[in-house]
Amino acid sequence: LTFSRVGVHTMEGHVGNMYMPRIVLRIQGRKSAKIGYLMPDRFDRKDYIGLALLPDFIVVITKNEYIVVDEKAEERKAISRDEAGEIVGVQEEGFLCRKENQLQLRNIDCELIGERPLTAEEIQELDSKK
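Let me sum up the structure you'll find in this document. Each chain carries its own residue numbering, running from 1 in the direction its sequence is written. Where local features are concerned, this predicted model is filtered to residues with pLDDT of at least 70; where side-chain atom pairs are given and counted, the filter is 80 or more; whole-chain, interface and lining totals use all residues. Side-chain figures throughout are based on the complete set of non-hydrogen atoms in the structure, without hydrogens or water.

Structural notes on the pattern of salt bridges
Between side chains of opposite charge, pairing is possible as soon as their charged atoms come close. In what follows, salt bridge is the name for a side-chain nitrogen of Lys or Arg lying within 4 Å of a carboxyl oxygen of Asp or Glu. A complete count under the given rule lists 5 salt bridges for this structure. Measuring nitrogen to oxygen at the nearest pair gives 3.9 Å for the salt bridge that ties Lys 46 to Asp 47. Only protein chains enter the accessibility calculation, which uses a 1.4 Å probe; a residue whose area is less than 20% of its type maximum is buried, one above 50% is exposed, and one in between is partly exposed. By relative accessible area, Asp 47 is classed as buried at 12%. The shortest N-O distance in the salt bridge between Arg 98 and Asp 127 comes to 2.7 Å.

Below, the structure is given as structure tokens:
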């Protein structure tokens, strides 16, 4: 993920720059990369935290939400961090989030597909990584 600078000229004559989040996906075994853009009003560079990489999609991690981007480099779904919790891992089927003392598995559509309580050891381990 990079931020592409785009010059903006308004009807009132103001000139400025806007930075659009640009995603370039290079999938193993494919000749060309897929390029997509996310809406610039969603987040800016200071809100961007990182990526969670899964076999069939990626999750763009921002300060306020998780944005799922599919193999075509297009936004698929988004979920607020308050609703999902904190991403703590990934699996083949989806991304794992800790919400309070629950471990939740979410799919490409951010739907909850599995959930279980965390063990005391898991809670301690996750708390020590903060």
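Read on for the rest.
Description of the nonpolar core
The set of buried Ala, Val, Leu, Ile, Met, Phe, Trp, Tyr and Cys residues whose side-chain atoms join them within 4.5 Å is what this entry labels a nonpolar core. Judged by nonpolar contacts, the single largest core of 14 residues is most densely connected at Phe 57, Val 59, Tyr 66, Val 68, Ile 87 and Phe 95. A helix here means a DSSP run of H or I that spans at least four residues, while a strand means a run of E at least two residues long, and both kinds are numbered starting from the N terminus. Of all the secondary-structure elements, those providing two or more residues to this core are β5 (57-62), β6 (65-70) and β9 (95-99). Considering each element in turn, this core owes the most residues, 3 residues, to β5. One finds Phe 3, Ile 67, Val 69 and Ala 73 within the second-largest nonpolar core, a separate group that totals 10 residues.

Quick word on the pairing of strand β4 (residues 48-53)
Two strands form a pair only when DSSP identifies at least two bridges running between them. Bridge count between β4 and β5: 5 bridges; the pairing is antiparallel. Within β5, the residue paired with Gly 50 across the bridge is Ile 61.

So, unusual backbone geometry
Its identity as a non-glycine residue notwithstanding, Glu 100 has a phi of 55°, on the positive side. Turning to its location among the elements, Glu 100 is positioned in the loop between β9 and β10 (102-106). For Cys 110, which is not glycine, the phi dihedral falls at a positive 65°. Counting through the fold element by element, Cys 110 comes out in the loop between β10 and β11 (112-117). Given a relative accessible area of 8%, Cys 110 falls into the buried group.

Examining the sheet that holds β4
Overall, antiparallel pairing links the 4 strands, which are arranged β4-β5-β6-β7 in an open sheet. The outermost strands of the open sheet, each flanked by one partner alone, are β4 and β7 (75-80). Here the average twist between neighbouring strands, direction ignored, is 20°. Helix axes are fitted to C-alpha atoms over the stretch in contact, other axes to C-alpha atoms as well, and angles between N-to-C directions run from 0 to 180 degrees.

Notes on the sheet that holds β9
Read across the sheet, 4 strands follow the order β8-β9-β10-β11 without closing on themselves; strand pairing throughout is antiparallel. Of all the strands in the sheet, just β8 (86-90) and β11 have a single pairing partner and so form its edges. Averaged over all neighbouring strand pairs, the angle between strand axes comes to 25°, with direction disregarded. Direction of pairing for β8 relative to β9: antiparallel, over a ladder of 4 bridges. Paired with Ile 87 across the strands is Cys 97, a residue of β9. Against the sheet, helix α2 (residues 120-128) contacts β8, β9 and β11, and its axis sits at roughly 95° relative to β9. When checking whether two residues touch, look at their non-hydrogen atoms; a contact exists if any pair is within 4.5 Å.

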